[in-house]
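One letter stands for each residue in the lines below.
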Amino acid sequence: MITAIVLIKTSVDRIPEIAETIAALESVSEVYSVTGTYDLVAMVRVARHDDLADVIPGRISKIPGVEATDTHVAFRTYSQHDLETAFAIGLDA
């Protein structure tokens with residue numbers, strides 16, 4: 001699974017509508033409304049690297065009100081959930 005973090009600039013007056021439209025796209029797992037330079041952060045998860053082109057420039061960037069995107073592809077995933085699962089292997093509850 002390939003994970004991309006997509007930083008998105010939008011029309012400020014349409015942030016909620018744009019966020020809902022992006023969240024409804026296949027391969028988008030979460031969309032966050034954030035402060036700072038960007039308005040939204042979307043988590044995109046795909047099976048193949050080539051699929052990112054279908055989702056990000058092919059769909060997200062074409063949504064009316066999306067002004068710009070900046071995509072970061074994750075090399076590895078670290079999460080508290082993964083660590084807890086790893087440490088629980090072999091332990092009886």
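Quick note: structure is the one above.
The structure presented is a predicted model; accordingly, all values stated were derived computationally and were not measured. (Residues numbered from 1 in each chain as written. Predicted model: local features only at pLDDT ≥ 70, side-chain atom pairs only at ≥ 80, totals over all residues. Heavy atoms only, no water.)

Student: Go over the pairing of strand β2 (residues 28-33), please, and point to the residues and values.
Tutor: As paired elements, β2 and strand β3 (residues 40-46) share five bridges and run antiparallel to each other. Each residue of the ladder has a partner; that of E30, found in β3, is M43. Hairpin connection from β2 to β3: six residues lie between these consecutive antiparallel strands, with G36 at a positive phi of about 110°. (Pairing = 2+ DSSP bridges. Helix = DSSP H or I, 4+ residues; strand = E, 2+ residues; numbered from the N terminus.)

Student: Talk me through the side chain of D39; I want residue IDs and the actual numbers.
Tutor: By secondary structure assignment, the location of D39 is in the loop between β2 and β3. Among buried charged residues, D39 stands out as having no salt bridge; its nearest opposite-charge side chain is K9, 7.8 Å away. If near-sequence neighbours (up to four positions away) are discounted, D39 is found in contact with I8, K9, T10, V12, I15, Y32, S33 and V34. (Buried < 20%, exposed > 50% of the residue type's maximum accessible area, 1.4 Å probe, protein only. Lys, Arg positive; Asp, Glu negative; His and termini not counted. Salt bridge = Lys/Arg side-chain N within 4 Å of Asp/Glu carboxyl O. Contact = heavy atoms within 4.5 Å.)

Student: How would you summarise helix α1 (residues 15-23) if you had to cite specific residues and measurements?
Tutor: For α1, the complete set of buried residues consists of I15, I18, A19 and I22. The arc enclosing the buried residues of α1, seen along the axis, measures out at 100°, which places them on a common side. In α1, those exposed residues whose orientation departs by more than 90 degrees from the buried face are P16 and E20. Each element contacted by the buried residues of α1 is listed here: β1 (2-10), β2, β3 and β4 (66-73). (Arc of directions from axis to C-beta.)

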